[in-house]
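Listed below are the residues making up each chain.
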Amino acid sequence: IDVSATSVKSGMLKSVAAAISTSLDDLPGAPRTQVGFLTYDESVHYYSLKSGLANPQMLVVADLVELFVPAPDDLLVNLQESREVVDIFLQNLPSMFENNNNEAACLGPALKAAFTVTKHIGGKMCVFQSVLPTLGDGALTPRENNQIMGTPDEVKLLRPSVNWYKDTAIEFSRAQISLDMFLFPRAYIDVASLSELPKVTAGTLHTYPGFNHEVDGPRFESELSRALTQTTAFEAVMRIRCTRGMRINNFYGNFFVRGTDLLALPNCTSDSVFAFDLVHDEPNVTSSVVTVQSALLYTSSEGERRIRVVTQAIPVSTVGSEVIQSVDSDTVAALLAKQALDISMKSNLDNARVKLQQVCADLIRASKEGDKPRTVSGYAAPPMQQHHQSDDENKPIPENLKLLPLYTLGLMKNVAFRGGTDVHPDERVHAMHRLLNMSVTDSKHFVYPRMFSLHDMCASAGLPSNSEPSSEDDEIVAGPDRIELPRVLNLTIDRLTSDGIFLLDNGVDMYLWVGRSSDPALLNSLFGTNSLEGIDMSQVKLFTSGNDFASRLNAIVTSLRENDTQQSLVAKVIIVREGDHGLESRFFWHLIEDRASFNGGTYSYSDFMQFVESSGSKGGMPPAGGPPGAPRGMPPPGPPGAPGGAPAQPPQYMGSQPPSINQGPPPSNQMRGPPPPGPPPGQQQYGAPPPGPPSSGPPMRMGPPSGGPPPPGPPSYGQQHVQYGAPPGPPQGQMGHRGPPGPPPPGQYGGPPPPGPPSGGMPPPPQFRR
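These numbers come from a predicted model, not from an experiment.

Observations concerning the overall build of the chain
Then step 1. Across its full length, the chain carries 20 helices and 26 strands.
Then step 2. A burial count over the chain gives 53% of its 770 residues as buried.

The following block contains the structure:
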């Protein structure tokens, strides 16, 4: 545990002590469970927890070069025998260092000390770090560089700066020690280097930027308690095998590979996720099925050595259309994400985004070509009947693949892959780590978040559902109590209204967007005030009970984090007031159906569908940085309101309306309340309906909103202009507000869509299809 001054001031020590105290009774392995504690700042502090002591004894070693372990037999103790001493230690921990002024932390020497204490037995190690480690082994230096942000060289910041942490992690893995890392940065902490520890030892990585005990404590404590108490397989190894003629090509996840194909997993839990590529090793597969088998050999917390074998037989076919029909878009998107992460680290983010586009387009093209002869894994597939090229262009995308372009677009705009200069490298590395270790369902929600409309939710939303369980339950109910969810909206700014309240959840973060003209009665139910205008948002607290609306919203929020295990997680809800530039820009990141302003993200959903449809027949790639039809060499068009003064081009939907949903048109109030000073006449406003087709007069132009720059954001990391730990403000001039014009006529972009299904082959997400 890092006990530097930063850890003390943030309240991290208080949260760590509280979470561990509540977890002690449920730690796996009782009555054989052993625990030990080690703290560090500029020196390493050991604690003798020998049973019979009135108080734990603190032993300080200040020599970080010739580090030694005093009283080695009393540092890792049986929890049952020394419970009283452990309880006293955790009770005193928050106040023990309250006068500590040391700002540095010697993580490397502390890891070596902890390794010496635990290497004879192995197990789980939790590391809590608040500052960049700058002392002893593994010392790191700040390496932020504004000049390479948003360029191909940005990947240098996403790779480890030293090999020490990976080498140390390999030693931990050999000693059967898994490491879970919890980071609480207030400045650059080099997550890229530190994350090697959990990655190689099959652990987990959690970050809490700008940690505050009151705001972030409940979420952190629930995640730590889950990590400590969930059922764990120790000293595990896993091997995946397949039918002769096929082979496993790559593995994705947190592990260390012994030899060529044995995954070393010091810890393995129900949250552990591993992915792999299956490729052809020979031209022909002689059997009628391809069999894939995984074998996990592990030790249970009771000390029993067990093996778990999972076998799946997959039919083979010489008909390409049969293979296409079996594709699961959710799974393909999850695997594509892991493959693209691998590409981004080996080359750069641009190549990863191009790979995502290319694979999506290739798969859609293959689905339209049907049984045309092709090559698979470098081998020619058996020829089929004569193929007619002209029929491809008119074929619709198969039903099971219709959502793949949407998920691909979401991946390209996800914080793990998005371009631009507004993603802090620490934040990006954390998102990459989370995405690499997400299951299919979690990955889908992380890439395409769910946005719920709360202000008009039905009376049964937030209450246990009376309906019979079905295969679509994941989209309409949540949690073990089957709490009914409100209606879900597609991710575009045109679904937001000033009189609305919306909840957006990507499985990691939750945002509650509150319009400035929201119903005062609802605001009073949620926040105890009739208006949020002029209020210090840091003081606003979300009610969880006391009235029907708050109780139902709390039930929804809670159910979205519950699952079948006993260790449910607590969500942190970030309240976003309409007009708060910094938080709104972060919220708008998730509205992936709109255009983004970074190179490669200028597609709207309709633009991307157009590209996929056209490349499906022609096999083309998009122009660099722009949507279909953008001239090469021209700057890509940004979102409405983007700086640059380029002529505003209305999105060209392949029908009369944007992607719609089955729940009906959005509310007609599109004005979002009294606007701040708007842009000069003739300039396009962010979120407002775009102009109609160009007329004979001069084209309308997009420009930055007037009225001065946005208010300053929270303190940034040193000289880095990216503010990590709190959302960054938008690029100047990128974000204005809707102006006074009323809603456009039905069918126009931004207005209520006419009745009927979406056209142009743009399917709504799965939650809209019920």
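What follows picks up the thread again.
Brief notes about the pattern of salt bridges
A side chain with one charge can pair with a side chain of the opposite charge if their charged atoms come near.
Then step 1. Under the criterion given, the structure shown has 30 salt bridges.
Then step 2. Salt bridges here are not isolated pairs; linked through shared partners, they connect Asp25, Arg83 and Asp87.

Observations concerning the packing of aromatic side chains
Then step 1. Scanning the entire structure with this criterion turns up 22 aromatic pairs.
Then step 2. When the ring of Phe37 is compared with that of Phe89, the centres are 4.8 Å apart and the planes differ by 40°; the resulting orientation is tilted. Linking Phe37 in the loop between β1 (34–35) and β2 (38–40) with Phe89 in helix α3 (residues 83–96), this pair joins segments that are 52 residues apart in sequence.
Then step 3. By relative accessible area, Phe37 is classed as buried at 12%.

With respect to the pairing of strand β14 (residues 289–299)
Then step 1. Relative to β14, strand β9 (residues 233–242) runs antiparallel, the two being bridged by 7 bridges. Of the residues in β14, the one forming a bridge with Cys242 is Val292.
Then step 2. Across 11 bridges, the pairing between β14 and strand β15 (residues 305–315) is antiparallel. By the bridge assignment, Leu296 is partnered in β15 with Arg308.

Quick word on the sheet that holds strand β3 (residues 44–48)
Then step 1. The antiparallel open sheet is built from 3 strands, whose spatial order is β2-β3-β4. On the outer flanks of this sheet lie β2 and β4 (57–61), each paired with one strand and no other. Neighbour-to-neighbour, the strand axes of this sheet turn through a mean angle of 25°, independent of strand direction.
Then step 2. Docked against the sheet, helix α4 (residues 107–118) engages β2 and β3, running at close to 165° with respect to β2.

Cut-offs and rules
Residue numbers here run from 1 along each chain, matching the order of that chain's written sequence. Since the coordinates come from a predicted model, pLDDT governs what is reported: local features require at least 70, and pairs of side-chain atoms require 80 or more to be given and counted, while whole-chain, interface and lining totals use all residues. Based on all heavy atoms of the structure, the side-chain values leave hydrogens and waters out of the count. Helix and strand assignments come from DSSP, with helices taken as H or I runs of at least 4 residues and strands as E runs of at least 2, each series counted from the N terminus. Buried means the residue's accessible area, taken with a 1.4 Å probe over protein chains only, is under 20% of the maximum for its type, while exposed means over 50%, and partly exposed covers the values in between. The rule for a salt bridge is simple: a side-chain nitrogen of Lys or Arg has to be within 4 Å of a carboxyl oxygen of Asp or Glu. Any pair of Phe, Tyr and Trp rings, taking the six-membered ring for Trp, is counted once the centres come within 6.5 Å. Such a pair is stacked with planes under 30 degrees apart, edge-to-face with planes over 60 apart, and tilted for the rest. Think of it this way: DSSP has to see at least two bridges between two strands before they count as a pair. The axes are straight lines fitted to the C-alpha atoms, using for helices just the contacting stretch, and the angles between their N-to-C directions are given from 0 to 180°. In this description, contact between two residues means that some pair of their heavy atoms is separated by no more than 4.5 Å.

On their own, these measurements won't tell you what the molecule is for.
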